[in-house]
Amino acid sequence: MGANTSHVSDLSENPSLKALVGTESISENDPFWNQLISFTFISPTNSADSKLLEEAVIPLAKILIENNPRSGNFGALVRIFLGRTKELKISTECQDQLFIWQAHNALFMIRCLLKVFIREMSEEELHLQFSYQERAPGSCGETGHEDLLEELLSNLIHLIVEVPLLDITYSILFEAVTTLLVFFSYQLFHKDILRDGLIYQHIMKGRCLSLTSRLVKTLLYNFIRQEKCPPPATHIFEPKAEGGLLYGLASGVASGLWSVFTLGGAGGSKAGMDQEHNPLPLSNQSLLLLLVLANLTDGPDWPNPYRQAITCFRNTQDTSSLPVEQPHTFQINFNSLYTALCEQQRSDQATLLLYTLLHQNTNMRTYMLSRTDMDNLVLPILEILYHVEERNSHHVYMALIILLILTEDDAFNRSIHEVVLKNISWYTERSLTEISLGSLLILVVIRTIQFNMTRTRDKYLHTNCLAALANMSAQFRCLHQYAAQRIISLFALLSKKHNKVLEQATQSLRGRQGDNTALPDYAQDLNVIEEVIRMMLEIINSCLCNSLHHNPNLVYALLYKRELFEQFRTHPSFQDIMQNLDTVIGFFSQRLEQAGSDLSVERVQEVIMKGAQALPTDRLKKFPELKFKYVEEDQPEDFFIPYVWSLVFNSGVGLHWSPHGIELFSMDSG
């Protein structure tokens, strides 16, 4: 049956698929269904193969849309799948791979059809496609005694939370997670954020609600476990001469069009490559679904239960009882979650999860900040920022905001200067044989500011970088010589830029007397750059006031470039903050003069070290402590929902959407 199907393009000619999408109703008891879902098909895990499959499925799905109101065959296929899943847990315990394989195949077909349905019709029309049933001539084609759409959604969640993750269940669990993602993909085709709808209602309020915490916990554990796709050798089904409906497809292109992924897959040269390309499909897909659920908007009179679950889960080591039990709370191993987060930061979605947990779950934030190996988390974040040219702007923002949240904690700001790192391989601008984590963080943030000044010129990026430096400034300790130099170099760059804009503004005014055409907004440019200069002066001042004796390298760099600060001494915007810098520069300059001329670098450093102990602290004027706190903007969903869906669009395993018709984000974003 169908053994001659050798190319994806031949799917439309396959007799079994033609019967499924045709006008004739097929009874659920018909042996046809058993044959239909007994195919050996190698499911695609990369976008190129998914595109080929999608193009082959679209014409079949469109025929089914026309004929399903009369045949009810789509509903019958869904019920066949639901019938199979009732026994899934037992099948797993009994190692009944045949049963699991058939259930997977049925779900794979449903998912492929659903993906086209969602693009072609509204949720109400989709609901109708689920409600049509096999009928006798003259009878009504709809029935109201069950909601098959809700039944399927509920069943998928039950499947994810109840079926254990084993080699034989990997594929069906992946398919269940992917099908839920496909259900939510309506958002891709709407510019506005969807705040209601049938699927939203079922997931937020229906039978699915009671499984909220178990679903979030399972998706997190799928991410934590990082299970690789099982190798083909673990599958017992080898293609037979009279294989199922798509066997011919697998055999006809065994040289490698499809990657081995699902049960029944036959090995091929492409398998290894594809697993290397995306070795963790279930982990990746579970994380994407978790982010989609966490970012659903609150209802008019109910909060998003999935966000509640993410906000309040606790450590398995935490035995304290809560005064008030929070809704949807659960416990999870924080150590395992922390380790997975440290290992996976190269992906946008793992960084977004880290941001979500740091920002919204106080238990997790407290735990992370208490770790003595924070370098395992901070270094991957710094590496994202270091490679700013290669990252999308959203990933850079998330990394920066994570740093800003971490620097709100004084203990973190102290501890990072105690962690000594050796030979940071990815930092290529200068060989850093030994440097503290704190000094490296300063270097990378300053580099990000300089990149932003020359390239993107994004005020939001500047603000967050400077806020993180400001939060750390009072706790700067034993700054590396290069970090101290870069702080002053950044000030030099800002000073140069300030003078250039000032000169342009002056020339422009002179040259345009009597000319009424619009002037470039130099005043605004000047205002922005003066704000940044002020902030840098406050950061230097904060360090000098709070930890001058711990930072001889900063004093050295300040003295070496003291002429930079001359022009700002009398500037009305900077006079107050310049007093302390003047005091420090004057005090140390005098001590160096007294020490004699032609001093070696070592002798200068010695004079600075002794002078730092001798400078009376009351000589420096006290300023309010620099403290900045990250606050999410109003309606954060306007940023996060398009971002999350751009990640699904670009990183969803085995999912391909044509860019035409995508409304939620512009195709060059992300």
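The model shown is predicted, which means the values in this text are computed figures rather than measured ones.

Cut-offs applied
Per-chain numbering applies: the sequence of each chain, read as written, is numbered from 1 onward. Local features in this predicted model are restricted to residues of pLDDT 70 or higher, and side-chain atom pairs are both shown and tallied only at a pLDDT of 80 or more, whereas totals for entire chains, interfaces and linings draw on every residue. Only hydrogens and water are set aside when side-chain values are computed; all heavy atoms of the structure are taken into account. Only DSSP runs of H or I with at least four residues qualify as helices, and only runs of E with at least two residues qualify as strands; both kinds are numbered from the N terminus onward. Relative accessibility decides the category of a residue: with a 1.4 Å probe and only protein chains considered, values under 20% of the type maximum give buried, values over 50% give exposed, and everything between is partly exposed. Pairs of residues are marked as contacts when any of their non-hydrogen atoms sit within 4.5 Å. Whenever a nitrogen or oxygen atom comes within 3.5 Å of another N or O atom, the pair is scored as a polar contact, on the condition that within protein one atom can donate a hydrogen and the other can accept it, and that pairs from neighbouring residues in sequence are kept only if both atoms are in side chains. Two rings from Phe, Tyr or Trp (for Trp, the six-membered ring) form a pair when their centres sit within 6.5 Å of each other. Planes less than 30 degrees apart are called stacked, planes more than 60 degrees apart edge-to-face, and all others tilted. Every angle, taken between N-to-C directions, lies between 0 and 180 degrees, and every axis is a line fitted to C-alpha atoms, over only the stretch in contact when it is a helix. Throughout this description, any angle smaller than 35 degrees is read as roughly parallel, any larger than 145 degrees as roughly antiparallel, any in the 65 to 115 degree range as roughly perpendicular, and the remainder as oblique. A clockwise turn of the near helix away from the far one marks a right-handed crossing, whereas an anticlockwise turn of less than a right angle marks a left-handed crossing. By this rule, a helix spans an expected 1.5 Å times one less than how many residues it contains. Under the scheme applied here, ten amino acids are nonpolar (Ala, Val, Leu, Ile, Met, Phe, Trp, Tyr, Cys and Pro), four are charged (Asp, Glu, Lys and Arg), and all others, including Gly, are polar. What makes a salt bridge here is a side-chain nitrogen of Lys or Arg within 4 Å of a carboxyl oxygen of Asp or Glu, nothing more.

Asker: Explain the environment of Glu-123 to me, please; I cannot follow it from the model alone.
Answerer: You can see Glu-123 is positioned in helix H7 (residues 123-131). Residue class for Glu-123 comes out buried when judged on its relative accessible area of 13%. Residues Glu-123 and Gly-197, spaced 74 residues apart in sequence, show a C-alpha to C-alpha distance of 7.2 Å. Apart from residues lying up to four places away in sequence, Glu-123 is in contact with Tyr-186, Asp-196, Gly-197, Leu-198 and Ile-199.

Asker: What exactly am I supposed to notice about the side chain of Gln-450 here?
Answerer: The topology assignment puts Gln-450 in helix H22 (residues 437-454). Polar side-chain contacts of Gln-450 include one of 2.8 Å to the side chain of Arg-486. Here Gln-450 is in contact with Arg-486, Leu-490 and Leu-493, once residues within four sequence places are set aside.

Asker: What exactly am I supposed to notice about the packing of aromatic side chains here?
Answerer: Aromatic rings considered in pairs are described by the distance between their centres and by the relative angle of their planes. On inspection of all chains with the given rule, the structure shows 23 aromatic pairs. With centroids separated by 5.1 Å and ring planes inclined at 75°, the aromatic side chains of Phe-74 and Phe-130 adopt a geometry described as edge-to-face. Note that Phe-74 is positioned in helix H4 (residues 73-85) and Phe-130 in helix H7, a separation of 56 residues in sequence. Taken as a pair, Phe-74 and Phe-130 share a single burial class, namely buried. Consider the rings of Tyr-355 and Phe-640, whose centres lie 5.4 Å apart with planes at 15°: the pair is stacked.

Asker: Looking at this model, I keep getting lost on the packing of helix H8 (residues 148-162) against helix H10 (residues 198-205). Mind explaining?
Answerer: Between two packed helices, the angle of one axis relative to the other and the distance separating the axes together describe the packing. As a packed pair, H8 and H10 sit with axes 10 Å apart at the nearest point and diverge in direction by 45°. Classified by the angle their axes make, H8 and H10 are oblique. Both H8 and H10 take part in a crossing whose hand is right-handed. Contacts between H8 and H10 involve Leu-149, Glu-150, Leu-153 and Ile-157 from the first element and Ile-199, His-202 and Ile-203 from the second.

Asker: Explanation requested: H22 in the structure shown.
Answerer: Residues spaced three or four apart along an α-helix point in a common direction, a consequence of the helix completing one turn every 3.6 residues. Between the first and last C-alpha of H22 there are 26 Å, a value that for 18 residues agrees with the 26 Å anticipated at 1.5 Å per step. With respect to burial, H22 is a largely interior element, 17 of its 18 residues being buried.

Asker: What is the right way to look at the packing of helix H20 (residues 393-406) against helix H23 (residues 459-473) in this model?
Answerer: For the pair H20 and H23, interaxial distance at closest approach is 9 Å and the crossing angle is 25°. Compared by their axis directions, H20 and H23 come out roughly parallel. The element H20 and its partner H23 pack so that their crossing is left-handed. Two secondary-structure elements touch here, H20 through Val-396, Tyr-397, Leu-400, Ile-401 and Leu-404 and H23 through Tyr-460, Leu-461, Asn-464, Cys-465, Ala-467, Ala-468 and Asn-471. The residue inventory of the contact of H20 with H23, partitioned by class, reads ten nonpolar, two polar and no charged.

Asker: Would you take a moment to explain the pattern of salt bridges for this structure?
Answerer: Note on pairing: side chains with opposite charge can pair once their charged atoms come close. Under the criterion given, the structure shown has 22 salt bridges. The partner of Arg-314 in a salt bridge is Asp-318, and the shortest N-O contact between them spans 3.5 Å. A relative accessible area of 26% means that Asp-318 is categorised as partly exposed. Counted as one network, the salt bridges with shared partners bring together Glu-389, Glu-429 and Arg-447.

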